Each structure stands twice: as structure tokens, then as C-alpha cells.
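# Observations on chain architecture
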Amino acid sequence: MAVDYVTLIAGARPNFMKIAPILDAFVAAQQGGADVHVRLVHTGQHYDRKMSETFFEELGIREPDVNLGVGSGSHVHQLAEVMKALESEFSEHRPDLVIVVGDVNSTAASAITANKMGIQVAHVEAGLRSFDRAMPEEINRLLTDSIADWLYTSEPSGKTNLLREGIAEERIIFVGNVMIDTQRKHLARAAESSIVSELGVADREFALLTLHRPSNVDDCERLES
């Protein structure tokens, strides 16, 4: 796959941790003499400082070339706004390849827009499935994988799921989990953090749990379980 101009899409908090090592890899390739240009597009799906700018700063991600500023709204609204903004973006700065990561609304909207404009799509973290179509993320995964030209998987189940869905094996490439790349890069810095002392759990066994999906938190009985 000969590619000279790549657009990398990020839109929401989980995306930022995934694009950081991809950008690092492109920088290393450029330093090694690769003639490839990378344009970083932030859709603006997450825009609060704690959900966006903080991650760019702490993960050492360069400033996006453009922030589309789509903001919040319903799923339909976000998809539509990302697609409209990206049509203009791709028309003005047409890439050879669009790289999308994860399963947020920006991921699916970007893949659809690129596909409709005849631009190749690569999906990083392809093939993951919850098998719960009530989850918006599951629909985003299915849509993105069904139209992606290149599918990069993070674990063996990804390939199994994609083959079951009729994706040609030669388009599926196992690359590992880019989130782990980010974790490994920042382990030393995390070890220097004083947060466990500040929270008073330094000498105790504890577990950290985050809950945010509507299917987990919007129903009291399910949340309690």
C-alpha cells in the first residue's frame, strides 16, 4: 500500500490515547527517511479541557492541524456534523489514506465520509465485539469494519470476528494494542505520581473502577449489581 498523505482522526477521550503511539511511529518513520505527510484532525466530539486538551498535553501529542469543533449532541447530530465538516476537510486536504481508531461516533462518521469520497480507510482496533447491538459503540464498530480497506486488530478475537463477518483475510493485520504502547511509554512517569498518597490508599490494596456507559449506569438495579 503506497501512501504519501495520511489523515489521522481523533475525536473523543479514548482516541487520544490510541493516536499517540501512531503519531510517534510516523515521526520515527519520517526521521528514517520515509516520505509521508500526516495531518492530524480533531473532530471536537470531546472538547472540555479535562476530556481533550489535558490528554494532548500529558501524552505529548502535537497540536491538531485542525479542530472541526462539532461539539456535543445526539448520536445522529454528531455523526452528521462530523461527516459534513470532514467532507470539506477532505476536499481541501485530500489524503491517500484516512486512519480511524476505536469505536466512537467520530470513528464511524470519518470512515463513512472517506469511503463515500473514494479514500482508503484503515481501522486501528478493528474486530472487537460486545455482541450487544444496543450499544452505540457496537454499531460504530460494525459500520467501520464493514467499509474499512485495512483492518488492524489488537487481539486474536478481532480476526476471528472479522472473518466470521466475511472480511477478506489479507485485509486483516494483527498489530497489538496501541493503548498498551501508551501505557508502557508513561509507566515511569505514572510511578512518580503522588496520587495514591493524596487519596490515602498508598498502604492499602484497592481497585480502580470507572463506569460511564449508559447500559451500566442509567439503570439503578444494573448499577447496583
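Right above here is the structure, for reference.
For clarity, every value in this text was computed on a predicted model and none was experimentally measured.

### Remarks on a nonpolar patch on the surface
A cluster of nonpolar side chains, I195, V196, L199, F206 and L208, forms an exposed patch at the surface whose accessible area comes to about 530 Å². The topology assignment puts I195 in helix α8 (residues 195-198). On the accessibility criterion, I195 (40% relative accessible area) is partly exposed.

### Concerning the nonpolar core
In terms of nonpolar packing, the biggest core is built from 24 residues, with L8, I19, I61 and I99 touching the most fellow members. Where this core is concerned, the elements lending two or more residues are β1 (5-10), α1 (13-31), β2 (37-42), α2 (53-58), β4 (97-101) and β5 (120-126). Of the residues forming this core, the biggest block, six residues, is contributed by α1. If sequence neighbours within four positions are ignored, I19 has contacts with L8, I9, A10, L40, I61 and V101.

### Let's talk about the packing of helix α3 (residues 75-92) against helix α4 (residues 105-116)
Relative orientation of the contacting elements α3 and α4 amounts to 45°, with a least axis distance of 9 Å. As judged from the angle between their axes, α3 and α4 are oblique. Where α3 crosses over α4, the handedness of that crossing is right-handed. Here H75, Q78, L79, V82, M83, L86, E87 and F90 of α3 lie close against α4, whose contacting residues are N105, S106, A108, A109, S110, I112, T113 and A114. Tallied by class, residues from the contact of α3 with α4 come to nine nonpolar, six polar and one charged.

### Section: empty space enclosed by the protein
Considering all chains together, one arrives at one cavity of 30 Å³ or more under this definition. Computed from the structure, the largest cavity encloses a volume of approximately 30 Å³. What lines the largest cavity is V124, E125, Y152, T153, S154, V175, G176, N177 and V178. Of all the secondary-structure elements, those providing two or more residues to the lining of the largest cavity are β5 and β6 (150-153). Residue composition of the lining of the largest cavity, by class: four nonpolar, four polar and one charged.

### Some points on the environment of I19
By the element assignment, I19 lies in helix α1. Since its relative accessible area comes to 0%, I19 is described here as buried. Placed 149 residues apart in sequence, I19 and A168 show a C-alpha to C-alpha distance of 25 Å.

Rules of the game
- Residues numbered from 1 in each chain as written.
- Predicted model: local features only at pLDDT ≥ 70, side-chain atom pairs only at ≥ 80, totals over all residues.
- Heavy atoms only, no water.
- Patch = residues over 30% accessible without salt bridge, like charges linked within 9 Å, V, L, I, M, F, W, Y side chains within 5 Å.
- Areas by Shrake-Rupley, 256 points an atom, 1.4 Å probe, with all protein chains shown as cover.
- Salt bridge = Lys/Arg side-chain N within 4 Å of Asp/Glu carboxyl O.
- Helix = DSSP H or I, 4+ residues; strand = E, 2+ residues; numbered from the N terminus.
- Buried < 20%, exposed > 50% of the residue type's maximum accessible area, 1.4 Å probe, protein only.
- Core = buried A, V, L, I, M, F, W, Y, C linked by side-chain atoms within 4.5 Å.
- Contact = heavy atoms within 4.5 Å.
- Axes fitted to C-alpha atoms, helices over the stretch in contact; angles between N-to-C directions.
- Parallel < 35°, antiparallel > 145°, perpendicular 65-115°, else oblique.
- Left-handed = near helix turned anticlockwise from the far one by under 90°.
- Nonpolar A, V, L, I, M, F, W, Y, C, P; charged D, E, K, R; others polar.
- 1 Å grid on protein atoms, 1.4 Å probe; cavity = no way out; pocket = protein on both sides within 12 Å on 5 of 7 lines; lining within 4 Å.
- Points joined across faces, edges and corners; volume = space filled by probe spheres on them.

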